[in-house]
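Here's the letter readout for the chains.
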Amino acid sequence: YDYLYPEQYEYMKELKRALDAKGHAALEMPTGTGKTITLLSLITSYQLAHPDVGKLIYATRTVPEMEKVLAELKGLQKYREKCLR
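Bear in mind the structure is a predicted one, so any value in this text is a computation, not a measurement.

Procedures and definitions
- Residues numbered from 1 in each chain as written.
- Predicted model: local features only at pLDDT ≥ 70, side-chain atom pairs only at ≥ 80, totals over all residues.
- Heavy atoms only, no water.
- Core = buried A, V, L, I, M, F, W, Y, C linked by side-chain atoms within 4.5 Å.
- Buried < 20%, exposed > 50% of the residue type's maximum accessible area, 1.4 Å probe, protein only.
- Helix = DSSP H or I, 4+ residues; strand = E, 2+ residues; numbered from the N terminus.
- Contact = heavy atoms within 4.5 Å.
- Phe/Tyr/Trp six-rings, centres within 6.5 Å; stacked < 30°, edge-to-face > 60°.

Student: I'd like to hear about the nonpolar core, residue by residue, with values.
Tutor: If you look at the biggest cluster of nonpolar residues, it comprises 11 residues: Tyr11, Met12, Leu15, Met29, Ile37, Leu39, Leu40, Leu42, Ile43, Val69 and Leu76. Secondary-structure elements contributing two or more residues to this core are helix H1 (6-20), helix H2 (35-49) and helix H3 (63-83). Per element, the largest residue contribution to this core is five residues, and it comes from H2. The contacts of Val69, once residues within four sequence positions are left out, are Thr36, Leu40, Tyr58 and Thr60.

In structure tokens form, the structure reads like this:
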């Protein structure tokens, strides 16, 4: 993705605040604002920086929703590999 929307940045800040506090967060954003990639980007980066945080458990209501999340995660991993070479 070429840029970060202000809403995505705010979402990431709240997620990081919850992770740092070892707590929970209930966040919402409108449809189509990049919630999935925002969450995956922040959480997986946080896991790389803090290996002790454990696993990310991502639950969806349907298999197609999970397939979309896994496709986003694969794309994120490819992007990271390209950028970190």
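What follows continues from the structure just given.
Student: Just give me the short version of the packing of aromatic side chains, but keep the residues and values in it.
Tutor: Given two aromatic rings, their pairing is described by the distance between the two centres and the angle made by the two planes. Tallying each qualifying case throughout the model produces one aromatic pair. Centre to centre, the rings of Tyr3 and Tyr5 are 5.1 Å apart; their planes meet at 90°, and the pair counts as edge-to-face. Accessibility expressed as a relative area gives 54% for Tyr3, which makes it exposed. With a relative accessible area of 38%, Tyr5 lands in the partly exposed category.

Student: Help me get a handle on the environment of Gln77, residues and values and all.
Tutor: Topologically, Gln77 is positioned in helix H3. For Gln77, a relative accessible area of 41% translates into the label partly exposed.

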